[in-house]
Amino acid sequence: MKNKLCGIGEALIDFIPDVKGERLKDVPSFTRVAGGAPANVIGAVTKLGIPSKMLTKLGDDPFGDYIIDVLNDAGIDTSNIERDQEGETALAFVSLAADGNRDFKFYRKNSADLRYSVDDIPENILDDCGMIHFCSVDLVESPMKEAHKKLIDMAIEQGVKVSFDPNLRFSLWDDLDALKKTVNDFIPYADIIKISDEELEFITGKTDIKDAVPDLLSGRAKYVIYTKGADGAEIYTKDGVVEAPGYSIDVRDTTGAGDSFIGAFLFCILRDEIDDLDSVSKDKLYEYLDFANAYAANTSTKEGALAAMATMDEIQEWIKNRK
């Protein structure tokens, strides 16, 4: 069975503050870490043992070189990442509150990833893939948005599963109505949808996930995953809901926590070669959610995103020690 994960979207550099509890303007120094939600997700899957590939475009600059090096070191297939002479590699500066939560300032007005186009997608790119994953950051009007549409169409035509985590970044959109419309335009094409408690009302207009689920499951979706941070996660299917509690930890940095969660969940689907998502038992879904909760919690005990994500041996040892 084809089980590689293909991610499409932004890969960028997060500059993480060297001190917590400061407003961004007061942070004296930063440490660079490779990030970008789709890259983080496929990074988690790869570190856990399932191969992955990334579709994006980076600037032909030292920041792009750094990202390529980090993704290669993580085992991600970077052979389909394009380099661009006119666009620049995107940057994000992050400030961390004392509780580990973040504020972002993005530098991507001439971002190379938005220049990735339908012509950059190889015809055979999904021949070894069981799933694609994407987010909303690169769905602004651009060649990259059209590339997303093409890849999703290819996936559906070839029977490859589609995973969508909106991962909203409001500061990147001039028109929040356009963001809401765009996310809701793409949701019906996803087999797996992940929405956080902070995103629910904006995306669906509902404050209770149970009220939102019927509409979310009205398209292709088999799973709606609702994440609640430290309170764990829920997964909704046409047969009901499965809940798994979160893990109590000392939070160091929540950058990449949501990405590591969905990455760990998708890993389980790919590892077990799940062809029919409707066939997975509630006990197995609980197992997947619990593992994803543990993986995200472990990631949050370390700084950075991709660099903080554990290998299978590391997460198994961490879970064992907690028990």
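Provided above is the structure to which this section pertains.
Let us look at the structure shown here. (Residues numbered from 1 in each chain as written. Predicted model: local features only at pLDDT ≥ 70, side-chain atom pairs only at ≥ 80, totals over all residues. Heavy atoms only, no water.)

We now examine the overall build of the chain. A tally of regular secondary structure across the chain gives nine helices and 14 strands. Its C-alpha radius of gyration of 18 Å places the chain within 12% of the 20 Å reference for a compact globule of 323 residues. Along the first, second and third principal axes, the C-alpha set of the chain runs to 50 × 45 × 40 Å. With 323 residues in all, the chain has 57% of them scored as buried. Intrachain contacts of the chain at a sequence separation of at least 6 include 73% that bridge at least 24 residues. Total accessible area on the chain is roughly 13700 Å²; 44% of this is exposed by carbon and sulfur atoms. The average position of the 37 basic charges and that of the 60 acidic charges among the side chains of the chain differ by 2 Å. (Helix = DSSP H or I, 4+ residues; strand = E, 2+ residues; numbered from the N terminus. Rg over C-alpha atoms; globule rule 2.2 N^0.38 Å. Buried < 20%, exposed > 50% of the residue type's maximum accessible area, 1.4 Å probe, protein only. Contact = heavy atoms within 4.5 Å. Areas by Shrake-Rupley, 256 points an atom, 1.4 Å probe, with all protein chains shown as cover. Lys, Arg positive; Asp, Glu negative; His and termini not counted. Charge placed at Lys NZ, Arg CZ, Asp CG, Glu CD.)

Turning our attention to the pattern of salt bridges. In this structure the tally under the stated criterion is 22 salt bridges. A salt bridge links Arg108 to Asp113; its shortest N-O distance comes to 3.0 Å. A relative accessible area of 1% means that Asp113 is categorised as buried. Across the pair Glu287 and Arg271 runs a salt bridge whose closest N-O atoms are separated by 3.9 Å. Here Glu287, found in helix 8 (residues 282–300), pairs with Arg271, found in helix 7 (residues 257–271); they are 16 residues apart in sequence, far enough to count as distant. In this structure Arg271 comes out as partly exposed when scored by relative accessible area, which is 35%. (Salt bridge = Lys/Arg side-chain N within 4 Å of Asp/Glu carboxyl O.)

In this section: the nonpolar core. Counting 59 residues, the largest nonpolar core has Tyr223, Phe265, Leu266, Leu289, Phe291 and Ile315 as its most contacted members. When neighbours within four sequence positions are excluded, Phe291 is seen to be in contact with Leu48, Ala264, Phe267, Cys268, Met312, Ile315 and Ile319. (Core = buried A, V, L, I, M, F, W, Y, C linked by side-chain atoms within 4.5 Å.)

What follows is about the packing of aromatic side chains. Throughout the structure, instances matching the rule amount to 12 aromatic pairs. Between Phe93 and Tyr107, the aromatic rings sit 5.7 Å apart at their centres with planes inclined by 80°, giving edge-to-face as the arrangement. Here Tyr107 lies in strand 8 (residues 102–107) and Phe93 lies in strand 7 (residues 91–96), a separation of 14 residues in the sequence. For Phe93, a relative accessible area of 21% puts it in the partly exposed group. On the numbers, 6.0 Å between centres and 40° between planes, the contact of Tyr247 with Trp318 is tilted. Taken together, the residues Tyr247 in the loop between strand 14 (240–244) and helix 7 and Trp318 in helix 9 (residues 312–322) connect sequence positions 71 residues apart. By relative accessible area, which is 17% here, Tyr247 ends up buried. One aromatic cluster in this structure is built from Phe15, Phe30, Phe63, Phe93 and Tyr107. Geometry around Tyr66 places Arg32 over its ring, the cationic atom sitting 3.7 Å from the centre. (Phe/Tyr/Trp six-rings, centres within 6.5 Å; stacked < 30°, edge-to-face > 60°. Lys NZ or Arg CZ within 6 Å of the ring centre and 35° of its normal.)

So, on to helix 2 (residues 62–73). With 12 residues, helix 2 extends 16 Å from end C-alpha to end C-alpha; this agrees with the ideal 16 Å at 1.5 Å per step. Gly64, Tyr66, Ile67, Ile68 and Leu71 are the residues of helix 2 that are buried. The elements touched by buried residues of helix 2 are strand 2 (12–17), strand 3 (30–35), helix 1 (37–48), strand 5 (57–59) and strand 6 (82–84). Residue Gly75 follows helix 2 closely and has a positive phi angle near 95°. (Expected span 1.5 Å × (residues − 1).)

Glancing now at the sheet that holds strand 14. Taken together, the eight strands give an open sheet; going across it, the order is 4-1-9-10-11-12-13-14, and neighbouring strands pair in mixed fashion. Whereas interior strands pair on both sides, the edge strands pair on one side only; in this sheet they are strand 4 (52–55) and strand 14. Each strand axis lies, on average, 20° off the axis of its neighbour in the sheet, ignoring direction. The pairing of strand 9 (residues 129–134) with strand 10 (residues 161–164) spans four bridges and is classified as parallel. Each residue of the ladder has a partner; that of Phe134, found in strand 10, is Phe164. Sheet strands touched by helix 8: strand 12 (223–227), strand 13 (233–237) and strand 14. Its angle to strand 14, the strand with the most contacts, is close to 40°. (Pairing = 2+ DSSP bridges. Axes fitted to C-alpha atoms, helices over the stretch in contact; angles between N-to-C directions.)

Computed from the structure, the second largest pocket encloses a volume of approximately 410 Å³. Forming the walls of the second largest pocket are 14 residues, and the residues nearest its centre are Arg108, Lys109, Ser171, Leu172 and Trp173. Looking at the lining of the second largest pocket element by element, the count peaks at three residues for strand 8. Classifying every residue of the lining of the second largest pocket by side-chain character gives eight nonpolar, one polar and five charged. (1 Å grid on protein atoms, 1.4 Å probe; cavity = no way out; pocket = protein on both sides within 12 Å on 5 of 7 lines; lining within 4 Å. Points joined across faces, edges and corners; volume = space filled by probe spheres on them. Nonpolar A, V, L, I, M, F, W, Y, C, P; charged D, E, K, R; others polar.)

For strand 11 (residues 192–196), a buried count of five out of five residues is recorded, marking the element as mostly surrounded by other parts of the structure. With burial as the criterion, each face of strand 11 is covered, one bearing Ile192, Lys194 and Ser196 and the other bearing Ile193 and Ile195. Of the pairings in the sheet, the one linking strand 10 to strand 11 comprises two bridges and is parallel in character. From the neighbouring strand, Phe164 faces strand 11, where its bridge partner is Ile193. In terms of strand pairing, strand 11 meets strand 12 through five bridges, oriented parallel. What sits directly across from Ser196, in strand 12, is Thr227.

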